[in-house]
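Inside the fold
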Amino acid sequence: MPTIKSIETLIVQLPTRREHKWAGLTEVIGRYVMVKMTDSDGRVGWGEAPALKDWGGEFGRYFGESALITRAVIETYLAPAVIGLELGNFAELHARMDAIIRGYPYSKAAVEFAAYDLTGRWLNVPVHTLLGGKARDKVAITHSIGLISIEEAKIEAAKLAAEGIKTIKVKIGVDPARDVKMVAAVREAAGEAMEICVDANEGYKTPGEAVQTVRQMEKYRLKYVEQPVMGIERIAEVGRRIDAPVMADESAWNAHDAIQIIQNGGIQIISIYTTKAGGLYKAMEVGAVCRAAGIICNVNGSIETGIGNLANVQVAAASPAATLSCVIPISTPAEAQHGQVGGIYYKDDLLVEPMQVVDGAVVVPSGPGMGIDVDLAKVEKYRVRD
């Protein structure tokens, strides 16, 4: 039985296609920690922690992780705790990580992704097989339009429709009047066939402000309203007063949060992250709780590089609850970019080949491990040296 022999960390910075921001974000995306895990037979698996220092749970319940914090946690605590563990024992992997240090789910997720990748390569099966098999062959993609100008958003929305993207998420939560105009402009530019959802990232000051604003948007047909305010009870209050369903994101990190949301009522959708729960093993737990309660889900992320985004695709393929289109990138190296914008947040990527897209959806890769190999030359090119 092969075991985990070594764990290395490095930081990369991918060049962004354009600035991508949301309410509360104060740092650039794409500066993330990569984990390289080697087993006793010499095989290599990769993981990623797309950690952002100001991305955390509501009311200080969870804390932001940065690249530097993540690297320190992995090197100081997690790596020593899991080296020597046999591949495939994910229950013990999490038990060891949780015993050595509390919290830091992004750090733990990065280590766990690498372990899943490595185990899949050892057994010559894709990670979704390790998660229970495929619930779907393709993962529909929602493209996120960040806090950009209305004119820029109109141009991008029209191009997305032409490229075959079926759903757009519009970042709001900054100014109600601006937000309503933005949604109106995106609807006009994208056409009636496009599904549109909005995400305030807790930006509205009160449930009342959120309700008033969303009611003005509802004539543009909203698929859902994501995290309009901070707090499970307050999101639910909004949800009970508008027609569009509300989604919990910042409020929903793990299976216990999902139970609280279900018990409270009023929230119909939960966003699953591979990272917020601490990895694929625990993300599947979130999906299982939601499915039992009739809550529908998508998979959402932090605009990962291809290494972390493969984990998104694998859990989106395997979780029966993840029936909605997913707000994740279409990871595409520079060589395969020809001016497309749908799902493209970076000018380059760390995978040897692009994710395949059919009819606005990523085809779930069937290769061993996470499914697509890492381009070592690109990793070195974008590595941040100390």
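Relevant structure appears above.
What counts, and at which threshold
Residues numbered from 1 in each chain as written. Predicted model: local features only at pLDDT ≥ 70, side-chain atom pairs only at ≥ 80, totals over all residues. Heavy atoms only, no water. Helix = DSSP H or I, 4+ residues; strand = E, 2+ residues; numbered from the N terminus. Rg over C-alpha atoms; globule rule 2.2 N^0.38 Å. Buried < 20%, exposed > 50% of the residue type's maximum accessible area, 1.4 Å probe, protein only. Contact = heavy atoms within 4.5 Å. Lys, Arg positive; Asp, Glu negative; His and termini not counted. Salt bridge = Lys/Arg side-chain N within 4 Å of Asp/Glu carboxyl O. 1 Å grid on protein atoms, 1.4 Å probe; cavity = no way out; pocket = protein on both sides within 12 Å on 5 of 7 lines; lining within 4 Å. Points joined across faces, edges and corners; volume = space filled by probe spheres on them. Nonpolar A, V, L, I, M, F, W, Y, C, P; charged D, E, K, R; others polar. Right-handed = clockwise from strand over helix to strand, strands pointing away.

**Quick notes on the overall build of the protein chain**
Helices and strands together make up the secondary structure of the protein chain, namely twelve helices and 13 strands. By the compact-globule yardstick of 21 Å for 386 residues, the protein chain fits well, its C-alpha radius of gyration being 20 Å. Seen through its C-alpha atoms, the protein chain measures out along the principal axes to roughly 60 × 45 × 40 Å. Within the span of the protein chain, comprising 386 residues, buried residues form 60% of the whole. In the protein chain, once contacts between residues fewer than 6 apart in sequence are set aside, the share between residues at least 24 apart is 73%.

**Some details on the side chain of Glu 65**
Counting through the fold element by element, Glu 65 comes out in the loop between strand S3 (44-49) and helix H1 (67-82). Although buried, Glu 65 forms no salt bridge, and the nearest oppositely charged side chain, Lys 108, lies 8.8 Å from it.

**Digging into the layout of surface pockets**
Estimated volume of the largest pocket: approximately 510 Å³. Surrounding the largest pocket, 21 residues form its lining, Arg 102, Gly 103, Tyr 104, Pro 105 and Lys 108 being those nearest its centre. Among the secondary structure elements, those contributing two or more residues to the lining of the largest pocket are helix H2 (90-100), helix H3 (105-123) and helix H10 (280-293). Sorting elements by how many residues they give to the lining of the largest pocket places H10 first, with three residues. Around the second largest pocket sit 13 residues that line it, and Glu 163, Ile 330, Gln 340, Gly 342 and Val 357 are the ones nearest its centre. In the lining of the second largest pocket, the residues fall into seven nonpolar, four polar and two charged.

**Remarks on the environment of Val 174**
Tracing the backbone shows Val 174 in the loop between strand S6 (167-171) and helix H6 (176-190). Owing to a relative accessible area of 52%, Val 174 belongs among the exposed residues under this scheme. C-alpha of Val 174 to C-alpha of Gly 203: the two residues are 29 residues apart in sequence and 6.1 Å apart in space. Once residues lying within four places of it in the same chain are set aside, the contact partners of Val 174 are Leu 147 and Asp 179.

**Things to note about the pairing of strand S5 (residues 142-145)**
Side-chain alternation along S5 places Thr 142 and Ser 144 on one buried face and His 143 and Ile 145 on a second face that is also buried. Crossover connection from S5 via helix H5 (residues 150-163) to parallel S6: handedness right-handed.

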